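Take a look at the letters that make up each chain.
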Amino acid sequence: MIMKIWQIDAAIKHSVDEAIAEAAQCIRAGELVAFPTETVYGLGADARNSAAVKRIFEAKGRPSDNPLIVHIADVAQLDGIVDASASWVQQLIAHFWPGPLTLVLPLLSADISSKVTAGLNTLAVRMPDHPLALQLIEASGCLIAAPSANRSGRPSPTKAAHVIEDLQHASIAGVIDGGATGYGLESTVVEVGTNQLRILRHGAITAAALADHLPEHISIIQNTAHKAHTHHDHIPPSPGLKYVHYAPQGQMTLVKGDSLECRQAWIQQQLQAAQERGERTGVLTYEEHAHHYEADVVLVCGSWHRPSDTAKLLYDTLRQFDREGVTYIIAEACDEAGVGFVVNSRLEQAAGFNVVTV
Ligand code: TXA
Ligand code: MG
């Protein structure tokens with residue numbers, strides 16, 4: 001059961017401090033606390049406490065071979081824990097932290113529970129850019145291991161209500177409700193190698209933004225072949241890549257293609273056929289296109305021209321199809337510009353790689 005919801009009203013400072021102190025005490029006691037970050041809500045526990053970390057995996061139904069990100073509030077917390085000594089890594093940290101960049105670094109310490117790393121010799125770390133997350137980490141005095149606070153396989157939570165929707169029956173001390181998160185997409189996960197950076201998961205920070213802050217001799221390797229990793233003969237570079245993600249309950253198809261007219265005609269035809277089969281139909285589309293579709297549930301996910309708005313709304317929209325009992329979903333891909341590329345990659349995963357180009 002979720003024992004407590006801490007409603008945060010930033011205007012009343014002493015009540016915020018009180019809530020954070022209580023939540024921090026829970027973390028220190030080896031319990032779980034869900035908290036907002038600038039990307040999505042996380043489900044946190046003391047990274048040094050194996051029994052506590054084990055509870056995270058149980059609460060989420062997460063496979064134990066999928067490692068967790070450790071959250072810090074101060075770079076000094078990394079001393080003796082990971083090797084972040086390369087000057088270009090220091091530059092990335094100085095520029096992107098606090099912020100949605102997760103660095104996978106060589107692990108130096110035996111103090112971190114091996115459940116956090118799933119036994120790997122690397123550790124994923126980031127400093128979230130959210131006042132409540134930072135305050136919680138600081139007040140707890142812990143390194144906080146936290147995956148996204150959804151049930152495994154479901155869209156990540158961008159509101160406290162999503163955490164409650166997914167985890168109400170799990171054993172959790174409480175949820176800090178700090179309202180909707182900012183980016184709506186998870187952090188970008190990169191593995192630091194010798195003179196190279198490998199993108200393991202695209203996220204809120206684009207590859208182009210990373211490239212702008214790397215010296216010339218450091219190369220970026222993009223790992224976009226998510227689909228290949230769903231096959232068992234392949235060892236994925238990041239364990240998380242082999243599992244189903246972000247999926248709503250209905251069957252979902254993602255539609256791409258350059259011609260708007262072709263796309264819309266094809267989608268409307270599929271929706272109609274599905275309706276005739278007795279499906280409850282849904283379409284994920286954009287302000288500019290919504291009037292083209294007749295479905296049981298038409299959900300507008302921002303403007304086609306502003307992928308960052310779509311990112312913010314994406315997971316709530318995917319969850320909305322479930323709330324509305326939709327069994328057949330068609331999603332229109334968004335503009336690939338900037339973070340639009342990442343939104344489309346999440347849509348591909350949500351659709352189980354059921355992608356049609358028309
Ligand atoms: O924005 C975020 O990153 C959110 C917030 C809560 O910080 N967290 C999040 O965590 O999305 P999670 O557990 O849902 O995703 C972490 C990803 C997984 O794909 C996992 O496999 C990968 O990071 N990962 C963690 N540690 C790793 C490691 N040592 N090596 C490779 N991949 C790792
Ligand atoms: Mg996750």
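Residues numbered from 1 in each chain as written. Chains lettered and ligands numbered in written order. Predicted model: local features only at pLDDT ≥ 70, side-chain atom pairs only at ≥ 80, totals over all residues. Heavy atoms only, no water.

Enquirer: Give a description of the pattern of salt bridges that names residues and reports values.
Expert: The final tally for this structure, using the stated rule, is 20 salt bridges. A salt bridge links Arg-277 to Glu-279; the shortest N-O distance between them is 3.7 Å. A relative accessible area of 22% means that Glu-279 is categorised as partly exposed. Beyond isolated ion pairs, a larger network of salt bridges with shared partners links Arg-154, Lys-159, Glu-165, Asp-166, Asp-316, Arg-319, Asp-322 and Arg-323. (Salt bridge = Lys/Arg side-chain N within 4 Å of Asp/Glu carboxyl O. Buried < 20%, exposed > 50% of the residue type's maximum accessible area, 1.4 Å probe, protein only.)

Enquirer: Tell me about the site of ligand 1, and name the residues and values.
Expert: Taken together, 25 residues lie near ligand 1, and Thr-39, Asn-66, His-71, Ser-187 and Gly-240 sit nearest. Within the side chain of Thr-39, a nitrogen or oxygen atom sits 2.7 Å from an oxygen atom of ligand 1. Within the side chain of Asn-66, one N or O atom sits 2.6 Å away from an oxygen atom of ligand 1. Here ligand 1, which alone exposes 680 Å², has 96% of that area covered by the protein. A molecule is said to occupy a pocket when more than half its atoms come within 2 Å of that pocket's grid points, and by this definition ligand 1 occupies the largest pocket. Listed by contribution, the elements that provide at least two residues to the shell around ligand 1 are β4 (69-71), β6 (122-126) and β10 (196-201). No other element matches β6, which puts three residues into the shell around ligand 1. Here the shell around ligand 1 is built from residues that sort into twelve nonpolar, nine polar and four charged. (Near = heavy atom within 4 Å. Polar contact = N/O pair within 3.5 Å; in protein donor to acceptor, adjacent residues only side chain to side chain. Areas by Shrake-Rupley, 256 points an atom, 1.4 Å probe, with all protein chains shown as cover. 1 Å grid on protein atoms, 1.4 Å probe; cavity = no way out; pocket = protein on both sides within 12 Å on 5 of 7 lines; lining within 4 Å. Sits in = over half its atoms within 2 Å of the grid points. Helix = DSSP H or I, 4+ residues; strand = E, 2+ residues; numbered from the N terminus. Nonpolar A, V, L, I, M, F, W, Y, C, P; charged D, E, K, R; others polar.)

Enquirer: Describe the nonpolar core, with residues and values.
Expert: Nonpolar side chains in soluble globular proteins tend to end up buried together. If you look at the biggest cluster of nonpolar residues, it comprises 72 residues, and the most contacted ones within it are Trp-97 and Leu-103. The greatest single-element share of this core, amounting to seven residues, is contributed by helix α1 (residues 13-28). Leave out the neighbours within four places in its chain, and Trp-97 touches Ile-72, Val-75, Leu-78, Leu-92, Leu-103, Val-125, Arg-126 and Met-127. (Core = buried A, V, L, I, M, F, W, Y, C linked by side-chain atoms within 4.5 Å. Contact = heavy atoms within 4.5 Å.)

Enquirer: So what's going on with the side chain of Glu-38? Residues and values would help.
Expert: Assignment of secondary structure puts Glu-38 in the loop between β2 (33-35) and β3 (42-46). Using a relative accessible area of 5% as the deciding quantity, one classes Glu-38 as buried. Among residues more than four places away in sequence, those in contact with Glu-38 are Gly-99, Pro-100, Arg-126, Pro-128, Asp-129, His-130, Thr-181, Gly-182, Tyr-183 and Gly-184.

Enquirer: So what's going on with the sheet that holds strand β16 (residues 355-357)? Residues and values would help.
Expert: On the basis of which strands lie adjacent, the open sheet formed by five strands has the order β14-β13-β15-β12-β16 and parallel pairing. Whereas interior strands pair on both sides, the edge strands pair on one side only; in this sheet they are β14 (297-300) and β16. If you compare each strand with its neighbour and ignore which way they point, the axes differ by 20 degrees on average. The pairing of strand β13 (residues 281-285) with β14 spans four bridges and is parallel. Counted as the bridge partner of Gly-282 is Val-297 from β14. Along the sheet, helix α9 (residues 307-323) contacts β12 (251-256), β13, β14 and β15 (328-332); its crossing angle with β13, the most-contacted strand, is approximately 170 degrees. Each of β12, β13, β15 and β16 is contacted by helix α10 (residues 340-350), which is oriented at about 145 degrees to β12, the strand it contacts most. (Pairing = 2+ DSSP bridges. Axes fitted to C-alpha atoms, helices over the stretch in contact; angles between N-to-C directions.)

Enquirer: Before we move on, could you go through the confidence of the model for the protein chain and cite the residues and values that matter?
Expert: Of all residues in the protein chain, 96% attain a pLDDT of 70 or more, and the chain-wide mean is 94. Across residues 225-233, where pLDDT falls below 50, the model places 13 contacts with residues more than four positions away in sequence or in other chains. (pLDDT = per-residue confidence, 0-100.)

Enquirer: Please provide a residue-by-residue account of the side chain of Thr-188, values included.
Expert: Mapped onto the elements, Thr-188 comes out in strand β9 (residues 188-193). For Thr-188, a relative accessible area of 1% gives the class buried. Within the structure, Thr-188 has its side chain in polar contact with the backbone nitrogen of Gly-203 (distance 3.1 Å). Setting aside residues no more than four positions away along its own chain, Thr-188 makes contact with Pro-100, Leu-101, Thr-102, Ile-199, Arg-201, His-202, Gly-203, Ala-204, Ile-205 and Leu-210.

Enquirer: Can you break down the layout of surface pockets residue by residue, with the values?
Expert: Computed from the structure, the largest pocket encloses a volume of approximately 760 Å³. Around the largest pocket, the lining is made up of 48 residues, and of these Arg-62, Asn-66, Pro-67, Ile-69 and Arg-201 lie nearest the centre. Elements represented by at least two residues in the lining of the largest pocket include exactly β4, β5 (101-106), α4 (114-117), β6, β9, β10 and α10. Among the elements that take part in the lining of the largest pocket, β6 stands out by supplying four residues, more than any other. (Points joined across faces, edges and corners; volume = space filled by probe spheres on them.)

Enquirer: Which residues make up the sheet that holds β6, and what values do they have?
Expert: One open sheet accounts for eleven strands, arranged β1-β8-β2-β3-β7-β4-β6-β5-β9-β10-β11; its pairing is mixed. Of all strands in the sheet, those with a lone pairing partner are β1 (5-7) and β11 (219-222), marking the two edges. Pairing geometry for β4 and strand β7 (residues 144-145), over two bridges, is antiparallel. Within the sheet, the bridge partner assigned to Val-70 lies in β7 and is Ala-145.

Enquirer: Summarise the packing of α9 against α10; cite the residues concerned and give the values.
Expert: The description of two helices packed together rests on the angle between their axes and the distance between the axes. Where α9 meets α10, the axes come as close as 9 Å, and the angle between the chain directions of the two elements is 20 degrees. Here α9 is positioned roughly parallel relative to α10, judged by the angle of their axes. The crossing of α9 and α10 is left-handed. In this structure, α9 uses Pro-307, Thr-310, Ala-311, Leu-314, Tyr-315 and Leu-318 to contact α10, whose residues at the interface are Gly-340, Val-343, Arg-346, Leu-347 and Ala-350. A breakdown of the residues in the contact of α9 with α10 according to their chemical character gives eight nonpolar, two polar and one charged. (Parallel < 35°, antiparallel > 145°, perpendicular 65-115°, else oblique. Left-handed = near helix turned anticlockwise from the far one by under 90°.)

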